[in-house]
Amino acid sequence: MSLPVEYRKKISKHLPLGEKSSIARKLGVRRQHVSAWFNGSTSNLAIEKAVMKSFAKCIKEQEKYKELIDFLDKID
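Computed from a predicted model, the values in this text were never measured in an experiment.

**Student:** So what exactly am I meant to see when it comes to the packing of aromatic side chains here?
**Tutor:** Ring pairs (aromatic) are described by centroid distance and by the angle formed between their planes. Considering all chains together, one arrives at one aromatic pair under this definition. Considering the side-chain rings of W37 and F38, the 5.0 Å spacing of their centres and the 80° angle between planes classify their relative orientation as edge-to-face. Owing to a relative accessible area of 2%, F38 belongs among the buried residues under this scheme. The ring centre of F38 lies 4.8 Å from the NZ or CZ of K20, which sits over that ring.

Structure below.
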């Protein structure tokens, strides 16, 4: 599986600050390698899997945050 560059860039915009560095540390690679993957300069399956896992985690956290805000909106 190789995500198109346009999807990689969309994911990049929605990752929290420092997440690329965190992915690089987990994989034992330099942050520049992760950034190169996002730019489409390289295809690395390990980076892609780590990015997708991290992105899924971020989505879940955003959903939880939205649920909490919705709950607070209902409180009088």
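That covers the picture; the talk isn't over yet.
**Student:** Any chance you could explain the environment of E6 here in plain terms?
**Tutor:** With respect to the helices, strands and loops of the structure, E6 is situated in helix α1 (residues 5-14). E6 gets classed as partly exposed once you look at its relative accessible area, which sits at 49%.

**Student:** Got a minute to help me understand a nonpolar patch on the surface in this structure?
**Tutor:** A cluster of nonpolar side chains, contributed by Y65, I69, F71, L72 and I75, occupies part of the molecular surface with about 530 Å² of accessible area. With respect to the helices, strands and loops of the structure, F71 is situated in helix α4 (residues 45-74).

Rules used in this analysis
Residues numbered from 1 in each chain as written. Predicted model: local features only at pLDDT ≥ 70, side-chain atom pairs only at ≥ 80, totals over all residues. Heavy atoms only, no water. Phe/Tyr/Trp six-rings, centres within 6.5 Å; stacked < 30°, edge-to-face > 60°. Buried < 20%, exposed > 50% of the residue type's maximum accessible area, 1.4 Å probe, protein only. Lys NZ or Arg CZ within 6 Å of the ring centre and 35° of its normal. Helix = DSSP H or I, 4+ residues; strand = E, 2+ residues; numbered from the N terminus. Patch = residues over 30% accessible without salt bridge, like charges linked within 9 Å, V, L, I, M, F, W, Y side chains within 5 Å. Areas by Shrake-Rupley, 256 points an atom, 1.4 Å probe, with all protein chains shown as cover. Salt bridge = Lys/Arg side-chain N within 4 Å of Asp/Glu carboxyl O.

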